[in-house]
Amino acid sequence: MKSSQAKLLKEGYYAEFHIPYRQVVTELTPDIHFMLLVRFNNKWEDVLVLSREQLEFELSEKPIQAPKNITLRISFNGTRAVCRRKDFTKYRDQFSNFPILTH
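Residues numbered from 1 in each chain as written. Predicted model: local features only at pLDDT ≥ 70, side-chain atom pairs only at ≥ 80, totals over all residues. Heavy atoms only, no water.

Peer 1: Go over the sheet that holds strand β4 (residues 33–40), please, and point to the residues and values.
Peer 2: Read across the open sheet, the 3 strands follow the order β1-β4-β5; overall the sheet is mixed. The sheet is open, and its two borders are formed by β1 (2–5) and β5 (43–51), each paired with just one other strand. Across this sheet, the average inter-strand angle for adjacent strands is 20°, counted without regard to direction. Bridging between β4 and β5 involves 8 bridges; their strand directions are antiparallel. The residue of β5 that forms the bridge with H33 is S51. (Pairing = 2+ DSSP bridges. Helix = DSSP H or I, 4+ residues; strand = E, 2+ residues; numbered from the N terminus. Axes fitted to C-alpha atoms, helices over the stretch in contact; angles between N-to-C directions.)

Peer 1: Describe the packing of aromatic side chains, listing the residues and the values that go with them.
Peer 2: Any pair of aromatic rings gets described here by the distance separating the centres and the angle formed by the planes. Per the counting criterion, the structure on display carries 3 aromatic pairs. Aromatic pair Y13 and F40: ring centres 4.2 Å apart, planes at 15°, arrangement stacked. In this pair, Y13 sits in strand β3 (residues 13–20) while F40 sits in strand β4, placing the two residues 27 residues apart along the sequence. With respect to burial, Y13 and F40 carry one shared label: buried. Through successive ring pairs, a cluster of aromatic residues spans Y13, F40 and F76. Sitting above the plane of the Y14 ring, R73 keeps its charged end 3.7 Å from the centroid. (Phe/Tyr/Trp six-rings, centres within 6.5 Å; stacked < 30°, edge-to-face > 60°. Buried < 20%, exposed > 50% of the residue type's maximum accessible area, 1.4 Å probe, protein only. Lys NZ or Arg CZ within 6 Å of the ring centre and 35° of its normal.)

This is the structure we're talking about:
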């Protein structure tokens, strides 16, 4: 789980997340998921949920160099979320890989 304080843009806002390189390229069983929480205007505004495999795929066009942290700058404008010119909207509130817990 990573969180970021969003910053205002002309249209919308953006948030930056720093993720260790090794967490993205190392396969684990069970695989890890990244929950990216965005705080804007004093409230939790957005959450993106990606598996490690999904994030590695999304970053595959621009090779990742070890051992750096990966910086994701995600822009939010209305219903869209964009990172590195790719549409990340499909990862908003994507909790389908997790069971519903009742208590």
